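# Architecture and fold: a report
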Amino acid sequence: MDDVGGRVAEAMAAVDRRAFLPRRVRGRAHRDVPLAIGHGATCSQPSTVARMLVLLGPGPGHRVLDVGSGSGWTTALLALLVPGGSVVGVELEPELARRGAANLAAAGVTGARIVEALPGVLGLPDGAPFDRILVSAEATELPPALVGQLAPGGRMVLPVAGRMLVVDRAPDGGVRTRAEGAYRFVPLR
């Protein structure tokens, strides 16, 4: 297993998905399926999250934006993957943002926080640029607002129109994308 894959596997073993789920679905936490967390949102299936994290390649010192942070599980995983860095999750649903932040605190996660997304604002422009951006909801097309929040040399992973896209921003600001398989997610709003 490569270095990123090994680090992702270690983080997933260290962060108990069950602790980030509503009580009614905790008994299914070990299953490789998405689980409903309320407000039309899901906690993505572990194999998909692992694949996205490997594609994202988060590393020490990175500043990371987690769009659609939901229960906070991916935010917690990212915090382990960027020692010395920082992670901010943004969540549109106020109750999920509060619950995700509480889950991070209860799990003792440091170096990460979750904030409520501003209506009509995608991502966190005031906190940009980010070295890595993970999006856990499906866009119909590549969102220019998020591309604009990506630092030169940075990477974003997000589902777009049924395909997982890896978006790399070159040091000169140019953008390159590649598709990495078919996936289904709740819609990005």
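Scope of this entry: the structure provided in the associated data block.

The rules behind each value
- Residues numbered from 1 in each chain as written.
- Predicted model: local features only at pLDDT ≥ 70, side-chain atom pairs only at ≥ 80, totals over all residues.
- Heavy atoms only, no water.
- Helix = DSSP H or I, 4+ residues; strand = E, 2+ residues; numbered from the N terminus.
- Rg over C-alpha atoms; globule rule 2.2 N^0.38 Å.
- Contact = heavy atoms within 4.5 Å.
- Areas by Shrake-Rupley, 256 points an atom, 1.4 Å probe, with all protein chains shown as cover.
- Lys, Arg positive; Asp, Glu negative; His and termini not counted.
- Charge placed at Lys NZ, Arg CZ, Asp CG, Glu CD.
- Buried < 20%, exposed > 50% of the residue type's maximum accessible area, 1.4 Å probe, protein only.
- Pairing = 2+ DSSP bridges.
- Axes fitted to C-alpha atoms, helices over the stretch in contact; angles between N-to-C directions.

### As for the overall build of the protein
Across its full length, the protein carries five helices and nine strands. Walking the protein from its N terminus toward its C terminus, one meets helices and strands in the order α-β-β-α-β-α-β-α-β-β-α-β-β-β. Relative to the globule expectation of 16 Å for 189 residues, the C-alpha radius of gyration of the protein, 15 Å, shows essentially globular dimensions. C-alpha extents for the protein along the principal axes are approximately 45 × 40 × 30 Å. Across the protein, the fraction of contacts at a sequence separation of at least 24, relative to all contacts at a separation of at least 6, is 51%. Roughly 8,700 Å² of accessible area belongs to the protein as shown, and the carbon and sulfur atoms make up 54% of that amount. Averaging the positions of the 21 positive and the 17 negative side-chain charges in the protein gives two centres separated by 6 Å.

### Things to note about the side chain of S44
Relative to the assigned elements, S44 resides in the loop between strand 2 (41-43) and helix 2 (46-56). Ignoring anything within four residues of it in the chain, the contact list for S44 reads R17, V33, P34, V49, W73 and F185.

### Observations concerning the pairing of strand 7 (residues 150-160)
The buried fraction of strand 7 is high, at nine of 11 residues. Direction of pairing for strand 6 (residues 130-135) relative to strand 7: parallel, over a ladder of four bridges. Each residue of the ladder has a partner; that of F130, found in strand 7, is L150. Direction of pairing for strand 7 relative to strand 8 (residues 163-169): antiparallel, over a ladder of six bridges. When the sheet's bridge partners are listed, P159 is paired in strand 8 with M164. What sits between strand 7 and strand 8 in their antiparallel hairpin is a turn of two residues, with A161 showing a positive phi close to 50°.

### Some remarks on the sheet that holds strand 4 (residues 86-91)
Pairing within the open sheet is mixed, and its seven strands lie in the order 5-4-3-6-7-8-9. Two strands lie at the open edges of the sheet, namely strand 5 (112-116) and strand 9 (175-182), each paired on one side alone. For this sheet, the mean inter-axis angle between neighbouring strands, taken without regard to orientation, is 15°. In terms of strand pairing, strand 3 (residues 63-67) meets strand 6 through four bridges, oriented parallel. In the sheet register, L65 faces strand 6, and the bridge partner there is I133.

### Description of the environment of G70
Examined against the element boundaries, G70 turns out to sit in the loop between strand 3 and helix 3 (73-81). Put simply, G70 and G84 are 14 residues apart on the chain and 23 Å apart in space, counted from C-alpha to C-alpha. Other than its neighbours up to four places away in sequence, G70 contacts I37, E91, L96 and G100.

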